Structures are given as C-alpha cells and as structure tokens.
Amino acid sequence: MLRIDKVTKEFPQSSGGRKRVLEDISLKIEDNEFVCILGKSGCGKSTLLNLLAGYTVPDYGALYLDRNMIHGPSADRGIVFQEYALYPWYTVLQNVAFGPSVRKDPNAEEIAMKYIKMIGLEKYKDYYPDSLSGGMRQRAMIAIALACKPEILIADEPTTALDVTIQAQILDLMNQLKKETGTSILFITHDLGVVAEVCDDVAVMYCGRVVERGDVKTIFANPSHPYTKGLLGSIPRLGDAGKELKSIPGNVPNPKYMPKGCKFEPRCPYASEKCREEEPGFFQIEEGHISRCWLCESGQLKTDHVEKAGD
Ligand code: SF4
C-alpha cells in the first residue's frame with residue numbers, strides 16, 4: 001500500500017552546506033495495517049510527515065502509494081495534525097463536508113454525516129469549533145480526513161495535547177475506524193504508551209534513521225537496538241517509587257557534528273571501535289524484526305546483550 005523507498009532528505013543551511021535530516025528511510029505499510037513511527041523530538045518525524053503529505057520531495061529515493069509515486073498533496077492521504085485546523089466560521093458538518101464538496105461530490109453532506117456519526121459527534125454537527133472540547137475537535141479532524149476517503153490515514157501526534165481519558169477515546173476510535181473502513185493508519189508519536197495501545201508494527205527512529213522495526217509485541221518484549229532498550233527502560237513502573245528514574249545519557253548529536261559511525265554511539269553503553277568508525281546497516285533478528293546495530297551482526301545482541309541489559 002504505502003512504500004517509502006530509501007528516502008533521504010537534506011536542507012540547505014544559512015552557514016553553507018546541507019543538513020541531512022532523513023537518511024535512507026525504507027518502510028512498508030500494508031493494507032489495513034496500523035504502524036507507529038516512534039521517535040523523540042529532532043529524529044526527523046515531521047520531515048517524514050511532510051514528505052508523505054507531499055509538501056516536499058525527497059532528495060534521494062521515492063515514496064509510493066499503491067505503486068503510484070507520491071508527488072504533491074492529494075486526498076488519497078488523509079492527514080490528522082497535532083493542532084486542530086478547523087474553519088472557525090463553519091459548523092462541524094460544514095467543516096467535514098468541505099473536502100467532499102471541493103471535490104464536487106453531490107452527496108458531500110451525506111458523506112460528512114456518515115463520518116460524523118462514526119466519530120460520535122452527530123449531536124454536535126451544528127456546533128462551531130469554539131463550542132467543542134479539545135477531544136471533540138480532534139475527532140472532527142479525523143472525520144475530515146476520512147471524508148475524503150483516503151487510502152491511508154496519517155496521524156501526527158494527534159493525542160499529544162489531550163488528557164489521558166480523551167486520548168484513550170481517540171485511540172479506540174482510530175482502531176475501530178481501521179476495522180470498519182479497512183484504512184491503513186500511520187501514527188507518528190513519541191509516546192510509548194500510545195504505541196503499546198494501538199499499533200501492529202512499530203518503527204523506531206533516531207537521528208533521521210529507522211533503527212529498529214518489528215511488530216509491537218516483539219519490540220516491547222525483545223527490543224534489540226540499545227536506543228529502543230533505553231527508551232523502554234526509561235518508562236517509570238509501578239513499584240519504582242523512591243527509585244531514581246532511568247534515562248538515556250547524553251543528548252541527540254548536533255547535526256553539524258554527527259558521529260562518523262553509528263549515530264547512537266556517543267550515548268551507547270555497548271559502543272566499540274567499529275561503531276565509531278562505520279555506520280551499521282540493518283540486521284535481521286527474526287522474521288519481521290530488524291535492527292541497525294553492529295551487535296546484531298552475529299546474533300550477539302539477541303543473547304548476551306539482552307540478558308545484560310534486561311534488568
Ligand atoms: Fe551501540 Fe554500536 Fe549498536 Fe550503535 S552499533 S547502537 S554504538 S552497539
């Protein structure tokens with residue numbers, strides 16, 4: 001369905017030179033699949049979203065939807081942004097019907113009502129956005145994206161600004177929509193709880209690269225990349241009261257001074273000379289589970305490392 005094929009993106013710098021924000025990203029999303037891209041600020045998630053939306057083009061590689069190359073925005077990709085983008089002078093119904101009516105669909109209101117019902121806002125269809133709660137507005141955004149009947153729904157941190165109860169409702173809604181409409185969903189987030197809650201597969205990003213990919217149960221039960229292990233290890237657990245919270249030491253490197261080899265090397269407790277000199281490619285850990293780490297080259301990570309770091 002959606003294929004990201006060896007995509008690299010750079011931006012020119014005011015000081016001269018170019019900053020590489022995405023490096024060799026490859027990812028596939030199948031029909032009716034719910035995939036999360038997990039990464040912290042600065043990992044390249046937003047640039048990837050802009051490429052998927054067609055707002056910008058890659059310098060190398062290409063993106064395909066149903067074998068057609070993506071170039072430019074199109075209704076075949078429904079995007080739900082973190083910030084609400086509702087017309088304040090339109091009601092919920094008018095906002096949701098806007099997309100189909102621009103496409104000159106004679107049944108625009110009927111289509112809009114179908115999705116408004118699906119998201120549970122039929123009682124509020126004549127309300128203006130400023131009369132709705134944050135969760136309702138975000139649900140309206142999902143209906144807007146779906147009303148154009150996209151082949152894939154791309155959601156960029158749509159629950160970040162919401163409280164946990166509303167967040168859970170939105171996640172349930174997205175899962176329900178996936179079942180009812182068969183739409184594939186690509187969910188971009190920094191929130192491990194969200195990933196565990198909803199997705200089938202997860203791609204972990206660091207410094208503009210996918211560093212680990214696998215199904216969500218495998219990634220949570222058997223993470224292989226030291227960065228993924230660090231992220232999972234930093235989740236506070238019940239019973240940890242009074243204990244020091246775990247964190248990944250150091251910071252994301254400045255793009256101007258990117259390490260030559262593995263980009264996680266300055267923060268990695270397992271770094272070796274080889275890691276400093278050469279950037280690893282992907283190694284397969286098991287069917288559908290890949291990791292960009294030299295320790296996986298000989299299966300070392302799966303045995304020694306996991307036991308060592310599995311405290
Ligand atoms: Fe750590 Fe080396 Fe693996 Fe990079 S390649 S994550 S530095 S062990």
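Preceding this paragraph is the structure being described.
### Overview of the sheet that holds strand E1 (residues 2-12)
Part 1 of the reasoning: Pairing is antiparallel in the open sheet, where four strands are placed in the order E2-E1-E4-E5. Whereas interior strands pair on both sides, the edge strands pair on one side only; in this sheet they are strand E2 (18-29) and strand E5 (68-69).
Part 2 of the reasoning: Where strand E4 (residues 60-65) lies against E5, two bridges are found, and the strand directions are antiparallel. Residue pairing across strands places Tyr 64 opposite Met 69, the latter belonging to E5.
Part 3 of the reasoning: Helix H1 (residues 45-53) rests against E1, E2 and E4 of the sheet, and its axis sits at about 120° to E1.

### Regarding the site of the ligand
Part 1 of the reasoning: The environment of the ligand is formed by 13 residues, the closest being Cys 262, Cys 268, Cys 275, Cys 293 and Trp 294.
Part 2 of the reasoning: Of the residues in the shell around the ligand, the class split is eleven nonpolar, one polar and one charged.

### Notes on helix H3 (residues 108-118)
Part 1 of the reasoning: Turning to H3, its buried residues are Ala 108, Ile 111, Ala 112, Met 113, Tyr 115, Ile 116 and Met 118.
Part 2 of the reasoning: On its buried face, H3 is in contact with helix H2 (92-102), helix H4 (134-147) and helix H5 (164-181).
Part 3 of the reasoning: Where H3 ends, the next residue or the one after it, Gly 120, has phi of about 75°, a positive value.

Thresholds applied
- Residues numbered from 1 in each chain as written.
- Predicted model: local features only at pLDDT ≥ 70, side-chain atom pairs only at ≥ 80, totals over all residues.
- Heavy atoms only, no water.
- Pairing = 2+ DSSP bridges.
- Helix = DSSP H or I, 4+ residues; strand = E, 2+ residues; numbered from the N terminus.
- Contact = heavy atoms within 4.5 Å.
- Axes fitted to C-alpha atoms, helices over the stretch in contact; angles between N-to-C directions.
- Near = heavy atom within 4 Å.
- Nonpolar A, V, L, I, M, F, W, Y, C, P; charged D, E, K, R; others polar.
- Buried < 20%, exposed > 50% of the residue type's maximum accessible area, 1.4 Å probe, protein only.

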